[in-house]
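Summary of the model geometry
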Amino acid sequence: MKKPELIILAGSAGSFKIIFEIIRKLPKQFQIPVLVVIHRGKEKNNNIEEILSKTSNLIVKQVSDKDEIEKGIIYLAPPDYHLLVEKDKVFSLDISEPVMFSRPCIDITFESAADVYKKGIMAFLFSGANKDGAKGLLKIKNQGGFSYVQHPIDAEVDTMPLAAIELNACTEILHTKEIEALILSFS
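Reference entry: report on the structure contained in this document. (Residues numbered from 1 in each chain as written. Predicted model: local features only at pLDDT ≥ 70, side-chain atom pairs only at ≥ 80, totals over all residues. Heavy atoms only, no water.)

Remarks on the packing of aromatic side chains
- Evaluated as defined, the whole model comprises four aromatic pairs.
- Ring geometry for Phe-16 versus Phe-20: centroids 5.8 Å apart, planes at 35°, classification tilted. Taken together, the positions of Phe-16 and Phe-20, both in helix α1 (residues 16–25) and four residues apart, correspond to about one turn of that helix.
- By relative accessible area, which is 16% here, Phe-20 ends up buried.
- Ring-pair connections join several aromatic residues into one group, and the members of that group are Phe-124, Phe-126 and Tyr-148. (Phe/Tyr/Trp six-rings, centres within 6.5 Å; stacked < 30°, edge-to-face > 60°. Helix = DSSP H or I, 4+ residues; strand = E, 2+ residues; numbered from the N terminus. Buried < 20%, exposed > 50% of the residue type's maximum accessible area, 1.4 Å probe, protein only.)

What about the pairing of strand β6 (residues 91–94)?
- As judged from the four bridges shared by strand β5 (residues 82–85) and β6, these two strands associate in the antiparallel manner. Across the sheet, Leu-84 pairs through a bridge with Ser-92, a residue of β6.
- The antiparallel hairpin formed by β5 and β6 contains five residues in its connecting segment, where Lys-89 sits at a positive phi of about 60°. (Pairing = 2+ DSSP bridges.)

What to know about the environment of Phe-186
- Its place among the elements puts Phe-186 in the segment after α6 (176–184).
- The class of Phe-186 is buried, set by a relative accessible area of 6%.
- The spatial distance from the C-alpha of Phe-186 to the C-alpha of Lys-139 is 23 Å, given a sequence separation of 47 residues.
- Apart from residues lying up to four places away in sequence, Phe-186 is in contact with Met-1, Lys-2, Lys-3, Pro-4, Phe-30, Ile-32 and Met-122. (Contact = heavy atoms within 4.5 Å.)

Considerations on the pattern of salt bridges
- Applying the stated criterion across every chain, the model contains ten salt bridges.
- Ionic pairing is found between Glu-5 and Lys-89, a salt bridge with its closest N-O pair at 3.0 Å. A residue pair is termed long-range when its members are at least 10 positions apart, and Glu-5 in the segment before β1 (6–11) and Lys-89 in the loop between β5 and β6 qualify at 84 residues.
- By relative accessible area, which is 30% here, Lys-89 ends up partly exposed.
- Note that Glu-21 and Arg-24 form a salt bridge whose closest N and O atoms lie 2.8 Å from each other. Of this pair, Glu-21 and Arg-24 both sit in helix α1, three residues apart, which is roughly one turn of that helix.
- A cluster of three or more residues bridged by salt bridges with shared partners is formed by Lys-25, Lys-177 and Glu-180. (Salt bridge = Lys/Arg side-chain N within 4 Å of Asp/Glu carboxyl O.)

As for the packing of α1 against helix α2 (residues 48–55)
- It is the contact of α1 with α2, at a shortest axis distance of 9 Å, that shows an interaxial angle of 35°. Seen from above, α1 lies across α2 with right-handed handedness. Taken together, the residues of α2 that come into contact with α1 (itself represented by Phe-16, Phe-20, Ile-23 and Arg-24) are Ile-48, Ile-51, Leu-52 and Thr-55.
- For the contact of α1 with α2, the residue count by class is six nonpolar, one polar and one charged. (Axes fitted to C-alpha atoms, helices over the stretch in contact; angles between N-to-C directions. Left-handed = near helix turned anticlockwise from the far one by under 90°. Nonpolar A, V, L, I, M, F, W, Y, C, P; charged D, E, K, R; others polar.)

Dropping the structure here:
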């Protein structure tokens, strides 16, 4: 399997723990940019960056508008903004209406990243309580990228993984340990 140019880890309710574990295990020499998109409002989970920074071997930063995507950095979608990837591989933030009651919306990020990275993207959809992410994951798959879903048995809330599976949006359904192993194989 070819090394991806961008990895996206996305989810909602019940996804933080697995995403945290994956990031914690990434070695210092890991050179693929990793984007984390988790549903969170302005008032909730505002210490995610601090928690991840303390345990990660890599730089962890919340995305700012027009940040260039660089290797070896963990990027976090800021609360209360949609996050898009632009043609010149920079992030842009958007404050349009929430989609599926969510801002950031996973579908918006997946779809814009698929347009830019095409076959060079690898995305993972984890636990969550709505269907956000399924359509965007399908676009990644249709563009030739790799789209993975956390096995519903492993998901704390299986609505998101099941929505992607029903849409046939995933390249493969993986258990949590398989997801970790796959990502770490690019170290």
